[in-house]
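Residue-level structure breakdown
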Amino acid sequence: MTQPELVQSLYQTMHLVRRFEEKLVELYPSDKIKSPIHLSIGQEAVAAAVCAPLNQDDIISNTYRCHATHIAKGGNLNAMMAELYGKATGCAGGKAGSMHLVEIESGILGASAVVGTTIPVAAGYALALKNEAKKTGEQRVVTAMFGDGSTEEGCFAETINFAVLHKLPILFVCENNEMAIHNPIERRQAISIQERVKPYGMPMGHVTSGDVFEMHDEVTRLTESVRAGNGPAFIEIETHRWLEHVGPNNDDDAPYRNPADLKKWKENDQVARLAEMLGTEKTAEINAHVEELVAESVTFAEQSAFPTKEELYTHVYA
Amino acid sequence: MSMLSNQRLLRTVDALAEACSQEMARDDSVFLFGLDVDDHKAIQGSTAGLLEKFGPDRIFGTPLSEDAMTGVAVGAAMAGMRPIHVHIRMDFVLLAMNQLINMGAKAHYMYNGQIQVPMVVRCTIGRSWGQGAQHSQALHSMLMHVPGLKVVAPTNAYDAKGLMIAAIRDNNPVIIMEHRLLCNAEAYVPEDLYEVEIGKARIMSQGDDITILGVSHMAIESMRAAKFLKEEGISAEVIDPVSLRPLDMETIGNSVQKTGKLLVVDNGWLNCGLSAEVLASIAEQGLTGPDGQPVQVARMGFADTTCPTVRCLEDHFYPNGRTIAAKAYQMVKAQPTATWLPPEGVQPEIQEFKGPF
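The structure displayed is predicted, hence computed values, not measured ones.

Scanning chain B from terminus to terminus reveals 13 helices and 14 strands. Taking 2.2 N^0.38 as the reference for a compact globule, 357 residues should give roughly 21 Å; the C-alpha atoms of chain B span a radius of gyration of 20 Å, in line with that estimate. Dimensions of chain B, computed from the C-alpha atoms along their principal axes, are close to 60 × 45 × 45 Å. Each of the 357 residues in chain B was classed as buried or not, and the buried ones make up 56%. If you take every contact in chain B between residues at least 6 apart in sequence, the share linking residues at least 24 apart comes to 80%.

Following this line, the structure appears as structure tokens:
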């Protein structure tokens, strides 16, 4: 991919995430979406960078803040919006909602609302892919997304130990927005995430700049290392959540927020930066396409039917 | 039990090992892991020979990380493998509850059928030789509570092999609750591959006067009780539920309509447990005995305490053949205060059991 193509691709993904979620902000007061939504506005660059080096048949595991990576990994936008509406045409027929988005055919493992739970599940998937590669010679990779809060869960430490021990094809991505609900990281962690992970000896990255290209280069380097069979890798990407933990609102004035941080990150907005790099004409063209996609997803969701009551009892057991 | 060829007398652990070995040979997506599964003791012998046959990629010991290892099983199962995750005691399953309940049990439903979780969790309840508070817990009722999980409890080598095979082939998480005292119990086991149906109870002995439902090791004690009762002219029908979720209420219901009396003997606590579930179901169905009267019910199980370590207290923690017989006698004779107690009997699996494991 040439540099202009990369700029365009990253911009399109980030802008689509941004506009999709801005549409949710607009729709939410209508109560058409009766599901908690954890928005990624401000964190789009991470999703775009992380998914860029992945193939469709690579796997990503998500947290409940999963809209951005769901879109960036290629999740069907109509099925996603329909799921948020709770419609039968949703990616999980209305049984998942925002917190458990899933689309196996796009390599998107179901997201979980219990912090950290998808990390070992992703490792289990990676174990299967390591096994598969012995037969096919093709190494698919798993990218495990999680936040800074997840690194405090016991299963995080348990999983990275196991993954290193078994040289699993998994990239651990810690999307560090420094907030667990309303609890800042300095009140939760005795030593840094980097210091805790370093002793395991994995290839590591740490992007603090918010620069989407740096994220992209580092994630690509580490993903290719994983794909080459070198075992797991770990990257921490610092970012910032612009909106409240859950819901569509700003909470700039809440006591846990540092207004200077928010200001700094908003000035460092990668969506605006890449729009400027692309120029007015190209941006307008992409934006028009994105608006169509978002509008189409809303129409699709609104025109779809709710599941019938029989669906309550389907898929309890396989 | 069905008549299949090439039956041999096998210990339960050997039957489990044979089931795993045959299934691993048949299907290369099956693998087995857990702490100590590949050591020289091989989980009482129940994983013996697998390492030599299948190598360390398909049978391997794990870190002491029950939560994450359960997640690994869930993830591998989602990817199409068929993991068997082994816990040497059931108490350690408490550390795996998050993954079992939040992910394993729910994934198929929550993701609307896009994902299946065909995994097996093997775990053993301990008893005696001081297994005590944290090596003797029966947690089947907690697991039975959750839609999406299946729970089975084999009490003999035949069922152990057939249930293990059925569990491996099942597309849901299946918990196999084994009993430490029954590890070495022998039964005739076919060499062939066969499944014992998950969801089907087994009538262990036919009778007309009372139905006794005995879970796990209590199926053995209930059979002892039936023998004592027979000497008093009481004919007890003993049912081993085999599968706890799904639970075969049809077989139990048919039996109690014949006998009019049901004594549930759980290998676990009573409060909010399997026994309560069975009796609630009987009551809800409004089942009546041959005399048209509502079925008379009672239940026994672990004392409502933590399991003590010392034997003289532990003896009173569990029901046994004598106390079960005495309770059944009271019900059949309609004498709630009858004090008949059978003579001391032998319980070789308890008397002969020596630890330290």
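So, on to the sheet that holds strand E2 (residues 30-33) of chain B. All names here are of chain B. Reading across the sheet, the seven strands line up as E3-E2-E4-E5-E7-E6-E12 and stay open at both edges, with mixed pairing between neighbours. Only two strands of the sheet have a single neighbouring strand rather than two, namely strand E3 (59-60) and strand E12 (243-245). In terms of strand pairing, strand E6 (residues 150-152) meets strand E7 (residues 174-179) through three bridges, oriented parallel. If you follow Val151 over to E7, its bridge partner there is Ile175.

All right, on to the interface of chain A and chain B then. In this complex, chain A contributes 31 residues to the contact, which on the side of chain B involves 32 residues. Elements supplying a minimum of two residues to the side of chain A that touches chain B: helix H5 (118-136) and helix H6 (154-165) of chain A. Here the side of chain A that touches chain B is composed, by residue class, of 19 nonpolar, ten polar and two charged.

Quick look at helix H8 (residues 212-227) of chain A now. Residues and elements named next belong to chain A. Taking 1.5 Å as the rise per residue, H8 with 16 residues should run 22 Å; its terminal C-alpha atoms sit 22 Å apart, in good agreement. Within H8, the full set of buried residues consists of Val212, Met215, His216, Glu218, Val219, Leu222, Thr223 and Val226. Buried residues along H8 sit against helix H1 (3-27), helix H2 (44-51), strand E3 (170-176), strand E6 (204-207), strand E7 (233-238) and helix H10 (270-278). Positive phi appears at Gly229, one or two residues downstream of H8, with a value of about 95°.

For an α-helix, the turn length of 3.6 residues means that residues three or four places apart are oriented alike. Residue and element names in this part refer to chain B. Its 13 residues place the ends of helix H7 (residues 157-169) 19 Å apart at the C-alpha level, agreeing with the 18 Å of an ideal helix rising 1.5 Å per residue. Counting buried positions over the 13 residues of H7 gives twelve, a clear majority of the element. Looking at H7, one finds that the buried residues are Ala157, Tyr158, Asp159, Ala160, Lys161, Gly162, Leu163, Met164, Ile165, Ala166, Ala167 and Ile168.

On to the packing of helix H8 (residues 217-231) of chain B against helix H12 (residues 321-333) of chain B, then. Residue and element names in this part refer to chain B. Where H8 contacts H12, the two axes come as close as 8 Å, and the packing angle between them is 55°. As judged from the angle between their axes, H8 and H12 are oblique. Read as a crossing pair, H8 and H12 show a hand that is right-handed. Residues Glu221, Ser222, Arg224, Ala225, Phe228 and Leu229 of H8 form the contact with H12, whose own contacting residues are Gly321, Arg322, Ile324, Ala325, Ala328 and Tyr329. For the contact of H8 with H12, the residue count by class is seven nonpolar, two polar and three charged.

This part covers the nonpolar core. Membership of the largest hydrophobic core comes to 197 residues, with the highest contact counts inside it found for Tyr125(A), Ile170(A), Val152(B), Ile212(B) and Ala328(B). The two domains that each donate at least three residues to this core are domain 1 (7-190) and domain 2 (202-337) of chain B. When near neighbours in sequence (up to four residues on either side) are disregarded, Val152(B) contacts Leu163(B), Ala167(B), Val174(B), Ile176(B), Met177(B), Ile198(B), Val242(B), Ser243(B) and Leu244(B).

Moving on: the domain arrangement of chain B. Residue and element names in this part refer to chain B. What the domain assignment lists for chain B is domain 1 (7-190) and domain 2 (202-337). Inter-centroid distance (C-alpha atoms) of domain 1 to domain 2 is 27 Å. Elements represented by at least two residues in the side of domain 1 that touches domain 2 include exactly helix H6 (140-144), E6 and E7. Partitioned by chemical class, the residues of the side of domain 1 that touches domain 2 number twelve nonpolar, eight polar and three charged.

Moving on, we get to the environment of His38(A). All names here are of chain A. Structurally, His38 is set in the loop between H1 and H2. For the pair His38 and Pro259, spaced 221 residues apart in the sequence, the C-alpha separation amounts to 20 Å. With residues up to four places along the chain from it excluded, the contact list for His38 reads Tyr64, Arg65, His245 and Val246.

Residues and elements named next belong to chain B. With mixed pairing, the five strands of this open sheet are ordered in space as E9-E11-E10-E13-E14. Looking at which strands have only one partner, the edges of the open sheet turn out to be strand E9 (202-205) and strand E14 (296-300). Neighbour to neighbour, the strand axes of the sheet diverge by 25° on average, direction disregarded. As judged from the four bridges shared by strand E10 (residues 210-214) and strand E11 (residues 236-240), these two strands associate in the parallel manner. The partner of Ile212 across the bridge, within E11, is Val238. In the packing of H12 onto the sheet, the strands contacted are E10, E11, strand E13 (261-265) and E14, and the crossing angle to E13 comes to about 160°.

Residues and elements named next belong to chain B. Closest axis-to-axis distance for the helix H3 (residues 66-78)/helix H4 (residues 97-104) pair is 7 Å, and the angle between their directions is 30°. When the axis of H3 is compared with that of H4, the two are roughly parallel. Between H3 and H4, the contacting residues are Asp67, Thr70, Gly71 and Val74 on the first element and Asn98, Gln99, Leu100, Met103 and Gly104 on the second.

What follows is about the pairing of strand E4 (residues 82-87) of chain B. All names here are of chain B. With respect to burial, E4 is a largely interior element, six of its six residues being buried. Bridge analysis of E2 against E4 gives four bridges, and the strand direction is parallel. Within E4, the residue paired with Leu32 across the bridge is Ile84. With four bridges joining them, E4 and strand E5 (residues 120-125) adopt parallel strand pairing. The residue bridging Val86 from the neighbouring strand is Arg122, located in E5.

The next thing to look at is the confidence of the model for chain B. On average, residues of chain B score 95 in pLDDT, and 99% of them are at 70 or above. For this predicted complex, the interface confidence comes out at an ipTM of 0.95, alongside a pTM of 0.95.

With that settled, the discussion passes to unusual backbone geometry. Residue and element names in this part refer to chain B. Residues Arg245 and Pro246 are joined by a peptide bond in cis, for which omega reads 0°. Structurally, the position occupied by Pro246 is in the loop between E12 and helix H9 (249-259). The backbone of Asn112 shows a phi angle near 55°, a positive value even though the residue is not glycine. Looking at the element boundaries, Asn112 is found in the loop between helix H5 (107-110) and E5. Among the residues examined, Asn112 registers 23 C-beta atoms within 10 Å and is labelled buried. Even without glycine at this site, Val242 takes up a positive phi of about 60°. Tracing the chain through its elements places Val242 in the loop between E11 and E12. Judged by local crowding, Val242 falls into the buried class, with 27 C-beta atoms found within 10 Å.

Parameters and conventions
Residues numbered from 1 in each chain as written. Chains lettered and ligands numbered in written order. Predicted model: local features only at pLDDT ≥ 70, side-chain atom pairs only at ≥ 80, totals over all residues. Helix = DSSP H or I, 4+ residues; strand = E, 2+ residues; numbered from the N terminus. Rg over C-alpha atoms; globule rule 2.2 N^0.38 Å. Buried ≥ 20, exposed ≤ 12 C-beta atoms within 10 Å, placed from the backbone. Contact = placed C-beta atoms within 7 Å. Pairing = 2+ DSSP bridges. Nonpolar A, V, L, I, M, F, W, Y, C, P; charged D, E, K, R; others polar. Expected span 1.5 Å × (residues − 1). Axes fitted to C-alpha atoms, helices over the stretch in contact; angles between N-to-C directions. Parallel < 35°, antiparallel > 145°, perpendicular 65-115°, else oblique. Left-handed = near helix turned anticlockwise from the far one by under 90°. Core = buried A, V, L, I, M, F, W, Y, C linked by C-beta atoms within 7 Å. Domains from an automatic or database assignment. pLDDT = per-residue confidence, 0-100.

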